[in-house]
Amino acid sequence: MGLSQTAALADDTVSEPAGYRLENYKAPVPATLKGAQVVTTEEAIALWKSKAAVFVDVLPHDPKPASLPQGTVWREKVREDIPGSIWLANVGYGVINGETEAYFRKGLMSRLGDDKRRKILFYCMENCWMSWNAAKRAVEWGYEAVLWYPLGTDGWVAAKQPTRKNEPY
């Protein structure tokens, strides 16, 4: 990938942290992710059209609170993402508990089985550390073909690509 494409994807002035991003998840992201390949919108489109990668949306999701007073109006946020994606909500936080880790692993297994060599593309939205954290975690878990699409659905929609309504896994 050329320098100009990399600069368009992420901020070259943001350093890649040694660990996970723990706060301010909606902020400029680095141009790199050690152990993963950063992809452009054009590359993501080609991967999607050829079905050459599993697409994983990691946008957070807030379910309806169980303690919501009766009669309170709750409007579920609609998520339009890349068709065919699995939406693994809330797995991109810097710290995840055991239940979220198990959910994340189970979601990956549902699409990849035990194949840690298959291409897996993580995304969220532009300037979203959730996808960076999730992709980093997959690298640490031994996935060998991790792809990170930093522009996420924002880049996808800007390129006039199709979306579809999705529900969390």
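A brief structural summary.

About the cut-offs
Residues numbered from 1 in each chain as written. Predicted model: local features only at pLDDT ≥ 70, side-chain atom pairs only at ≥ 80, totals over all residues. Heavy atoms only, no water. Phe/Tyr/Trp six-rings, centres within 6.5 Å; stacked < 30°, edge-to-face > 60°. Helix = DSSP H or I, 4+ residues; strand = E, 2+ residues; numbered from the N terminus. Buried < 20%, exposed > 50% of the residue type's maximum accessible area, 1.4 Å probe, protein only. Contact = heavy atoms within 4.5 Å. Arc of directions from axis to C-beta.

## Notes on the packing of aromatic side chains
Here's step 1: Counted under the stated rule, the structure contains 8 aromatic pairs.
Here's step 2: Between the aromatic rings of F55 and Y123, the centroid separation amounts to 6.5 Å while the plane-to-plane angle is 65 degrees, which identifies the pairing as edge-to-face. A residue pair is termed long-range when its members are at least 10 positions apart, and F55 in strand β2 (residues 54-57) and Y123 in strand β5 (residues 120-123) qualify at 68 residues.
Here's step 3: Note on Y123: relative accessible area 0%, which makes it buried.
Here's step 4: Between W129 and W132, the aromatic rings sit 5.2 Å apart at their centres with planes inclined by 65 degrees, giving edge-to-face as the arrangement. Placement of both W129 and W132 in helix α4 (residues 129-140) is noted, with a separation of 3 residues, approximately one turn of the helix.
Here's step 5: Assessed through its relative accessible area of 0%, W132 is described here as buried.

## A look at the environment of T100
Here's step 1: Position of T100 among the secondary structure elements: in helix α3 (residues 98-112).
Here's step 2: The sequence separation of T100 and D115 amounts to 15 residues, and the corresponding C-alpha distance is 21 Å.
Here's step 3: Once you skip the residues sitting within four places of it in the chain, T100 turns out to touch N90 and V91.

## Regarding helix α2 (residues 41-49)
Here's step 1: When we look at burial in α2, the residues that qualify are T41, A44, I45 and L47. Summarising the axial view, the buried residues of α2 lie within an arc of 165 degrees, below the 170-degree limit, and thus occupy one face. Those residues of α2 that are exposed and aimed more than 90 degrees away from the buried face are E42 and K49.
Here's step 2: Along its buried surface, α2 packs onto β2, β5, β6 (146-149) and α5 (152-158).
Here's step 3: Just downstream of α2, K51 is the residue with a positive phi angle, here 55 degrees.

## Things to note about unusual backbone geometry
Here's step 1: Positive phi, normally seen in glycine, also occurs at N24, with a value near 45 degrees.
Here's step 2: Residue classification places N24 among the exposed residues on the basis of a relative accessible area of 54%.
Here's step 3: Here the phi dihedral of N90 falls at roughly 70 degrees; this positive angle occurs in a residue that is not glycine.
Here's step 4: Within the fold, N90 resides in the loop between β4 (86-87) and α3.

## Brief notes about the environment of Y169
Here's step 1: Locating Y169 in the fold gives a position in the segment after β7 (164-166).
Here's step 2: With a relative accessible area of 41%, Y169 lands in the partly exposed category.
Here's step 3: The contacts of Y169, once residues within four sequence positions are left out, are I86, W87, L88, Y103, K106, G107 and S110.

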